[in-house]
Amino acid sequence: MMAGRWFKGIVSGLALGLSLAVAGQAAAQGKELRIYNWSDYVDPEVLDAFKKETGITVVYDTFDQMETVETKLLAGKTGYDLIVVTASFLPRHIPLGLYAPIDSAKVPNLKNAWPEIQGRLAKYDPGNKHAVNYMWGTTGIGYNGAKIRERLGPDAVIDSWKILFDPDQLKKLSNCGVHVLDAVEEMFPAALRYLGLNPDSKAEADLNKAGELLRKIRPHIQKFHSSEYINALANGDICLAVGYSGDILQAKKRAEEAKNKVEIAYSIPKEGALMWFDSFVIPKDAANPEAALAFIDFVNRPAMAAKNSDFIQYANGNIASKPLLSAAVRDNPGIYPPDAVMARLYTITPYDQKAQRLVNRLWTRVKTGK
């Protein structure tokens, strides 16, 4: 009798344990993490691994310009738990209370954060309280080597902003296609740097000089767009683009995979280039901030950070991931620049309202050619 009751107890205990496990699993699967990020900006296998380990379903939506993100944040109803934001927007957003602070106690893998990147990011997010770096890179020049040599000679070297900002140089490339970013916060600092001025200048006289320089090269620019240059370079449709380091290296990768003999290279101009940071923030209206913190921690495991960097060809803010990166990424100076080049990279702060109105007006004149 005792043995029978003991056996029944074991069976009912097992059944209860099994039903609790199933219920727990169902509850976990009912959890949802809504992420808003740039397109092509995560390895899908990392998302799958996160779901497999946590039971949290990831809803992953994409955008193609930060202004879209800012509009959602300012409206106060983003519908997302985790958003990737470019650092230059942080000083405008943080004082408005648009983000929840990062509870670092729940992100133990922040111990892997790269001090150099943390220090530079702190310019935008004092104390690194609201943003965790995901990827970083530079804004430089992507080009089609064969087409450049055809037009500038076999010994042509692309190592300076002169190729863009000297109208006589750029004119030689206008018949093979030149794209530049449709972004004042990228193009005005580059023009200022080429002119020997402070790339972060908000002075009206300086911004007018940059606008004048950009107007001079306007006749030789085929398109202003912040993502179309990737495919245009990869397909051999254009020969020069001002773009983001990882995008240009993705174009190179696509050309290699297509075996179309299009030879893409990336150059950080010797005068210096903008260093940008894309970081995770948790919006104030996040429905599942705990899942957001879990995801930040997950992608800051060195193996996961390396997997994402290898997939998207960007440097990440996780120093412990470096030994795990593929040599093609780790040893590429366009992705992980040497110290001397790092020293020439600059950062910028947001324009105040007056300067923003001015650069917007100047940029409209540049794009319309008026």
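- By the naming in an unreviewed UniProt entry, the protein is Putrescine-binding periplasmic protein, taken from Bosea massiliensis.
- Taken directly from UniProt, the Function (unreviewed entry) text for the protein runs: "Required for the activity of the bacterial periplasmic transport system of putrescine."
- What UniProt states about the protein under its Subcellular location (unreviewed entry) heading is, verbatim, "Periplasm".

Section: the overall build of the protein
Okay, step 1: Looking only at helices and strands, the protein features 17 helices and 11 strands.
Okay, step 2: The C-alpha extent of the protein, read off along each of the three principal axes, is 100 × 50 × 35 Å.
Okay, step 3: Looking at the protein as a whole, 51% of its 370 residues are labelled buried.
Okay, step 4: Sequence separation of at least 24 residues holds for 75% of the intrachain contacts in the protein that already meet a minimum separation of 6.
Okay, step 5: Of the accessible surface of the protein, which amounts to about 17,000 Å², a share of 54% is contributed by carbon and sulfur atoms.
Okay, step 6: For the protein, the separation between the mean place of its 45 positive charges and that of its 41 negative charges on side chains is 1 Å.

Let's talk about the state of the cysteines
Okay, step 1: The full count for this structure, using the stated rule, is 1 disulfide.
Okay, step 2: There is a disulfide in this structure between Cys176 and Cys239, and the S-S distance comes to 1.9 Å. Between Cys176 and Cys239, the S-S dihedral sits near 60°, and the bridge is therefore right-handed. Taken together, the positions of Cys176 in the loop between helix H8 (167-171) and strand E6 (178-180) and Cys239 in the loop between helix H11 (229-234) and strand E8 (240-244) put the pair 63 residues apart, joining distant regions of the chain.
Okay, step 3: The exposure class assigned to Cys239 is buried, which follows from its relative accessible area of 0%.

Digging into the confidence of the model for the protein
Okay, step 1: On average, residues of the protein carry a pLDDT of 91, and 92% of them reach 70 or more.
Okay, step 2: Here residues 1-30 scores under 50 on pLDDT; set against residues more than four positions off or in separate chains, the count is 5 contacts.

What about the side chain of Ser309?
Okay, step 1: With respect to the element layout, Ser309 can be found in helix H14 (residues 302-312).
Okay, step 2: The buried category is assigned to Ser309, whose relative accessible area is 0%.
Okay, step 3: A distance of 2.9 Å separates a polar atom in the side chain of Ser309 from a polar atom in the side chain of Asn316.

What about the pattern of salt bridges?
Okay, step 1: One pass over the full model with this rule turns up 18 salt bridges.
Okay, step 2: Among the ionic pairs, Glu256 bridges to Lys252, the shortest N-O distance being 3.4 Å. Highlighted residues: Glu256 and Lys252, both in helix H12 (residues 245-258), separated by 4 residues, approximately one helical turn.
Okay, step 3: Beyond isolated ion pairs, a larger network of salt bridges with shared partners links Glu32, Arg34 and Asp61.

Considering the packing of aromatic side chains
Okay, step 1: One pass over the full model with this rule turns up 19 aromatic pairs.
Okay, step 2: Where Tyr244 meets Trp276, the ring centres are 6.0 Å apart and the plane angle is 80°; that geometry is what we call edge-to-face. Here Tyr244 is found in strand E8, whereas its partner Trp276 is found in strand E10 (residues 274-283), with 32 residues between them in sequence.
Okay, step 3: Over the face of the ring belonging to Phe311 we find Lys253, whose NZ or CZ atom lies 5.5 Å from the ring centre.

Quick word on the side chain of Thr78
Okay, step 1: Checked against the element boundaries, Thr78 lands in the loop between helix H3 (66-75) and strand E3 (82-86).
Okay, step 2: One polar contact links the side chain of Thr78 to the main-chain amide nitrogen of Tyr80, over a distance of 3.1 Å.
Okay, step 3: Sequence-distant contacts of Thr78, defined by excluding residues within four places in its chain, comprise Lys72, Leu73, Ile83, Pro283 and Asp285.

Some words on unusual backbone geometry
Okay, step 1: Unlike most non-glycine residues, Asp40 shows phi in positive territory, near 55°.
Okay, step 2: Looking at the secondary structure, you find Asp40 in the loop between strand E1 (32-38) and helix H2 (44-54).
Okay, step 3: Phi angles above zero are rare outside glycine, and Asn128 is one such case at about 50°.
Okay, step 4: Tracing the backbone shows Asn128 in the loop between helix H5 (115-121) and strand E5 (132-144).
Okay, step 5: Look at Asn128 and you get partly exposed, because its relative accessible area is 22%.

A closer look at helix H17 (residues 353-368)
Okay, step 1: Across its 16 residues, H17 extends 22 Å between first and last C-alpha, which sits within 8% of the 22 Å expected from 1.5 Å per residue.
Okay, step 2: Listing the buried residues of H17 in full gives Ala355, Leu358, Val359, Leu362, Trp363 and Val366. End-on view of H17: buried residues confined to an arc of 130°, all on one side of the axis. Across H17 from its buried face, at more than 90 degrees, point the exposed residues Gln353, Lys354, Arg357 and Arg361.
Okay, step 3: Tucked into the core, H17 has its buried residues touching helix H9 (184-194), helix H10 (204-217) and strand E7 (223-224).

Some remarks on the pairing of E8
Okay, step 1: Across the 5 residues of E8, 5 count as buried, placing the element largely inside the fold.
Okay, step 2: Strand direction decides the pairing type here: E5 and E8, joined by 5 bridges, are antiparallel. Residue pairing across strands places Gly140 opposite Gly243, the latter belonging to E8.
Okay, step 3: Inspection of the sheet shows E6 paired to E8 by 2 bridges, in the parallel sense. Counterpart to His179 in the pairing with E8 is Ala241.

Cut-offs applied
Residues numbered from 1 in each chain as written. Predicted model: local features only at pLDDT ≥ 70, side-chain atom pairs only at ≥ 80, totals over all residues. Heavy atoms only, no water. UniProt positions renumbered as here; feature names shortened; annotations may be inferred. Helix = DSSP H or I, 4+ residues; strand = E, 2+ residues; numbered from the N terminus. Buried < 20%, exposed > 50% of the residue type's maximum accessible area, 1.4 Å probe, protein only. Contact = heavy atoms within 4.5 Å. Areas by Shrake-Rupley, 256 points an atom, 1.4 Å probe, with all protein chains shown as cover. Lys, Arg positive; Asp, Glu negative; His and termini not counted. Charge placed at Lys NZ, Arg CZ, Asp CG, Glu CD. Disulfide = S-S within 2.5 Å. pLDDT = per-residue confidence, 0-100. Polar contact = N/O pair within 3.5 Å; in protein donor to acceptor, adjacent residues only side chain to side chain. Salt bridge = Lys/Arg side-chain N within 4 Å of Asp/Glu carboxyl O. Phe/Tyr/Trp six-rings, centres within 6.5 Å; stacked < 30°, edge-to-face > 60°. Lys NZ or Arg CZ within 6 Å of the ring centre and 35° of its normal. Expected span 1.5 Å × (residues − 1). Arc of directions from axis to C-beta. Pairing = 2+ DSSP bridges.

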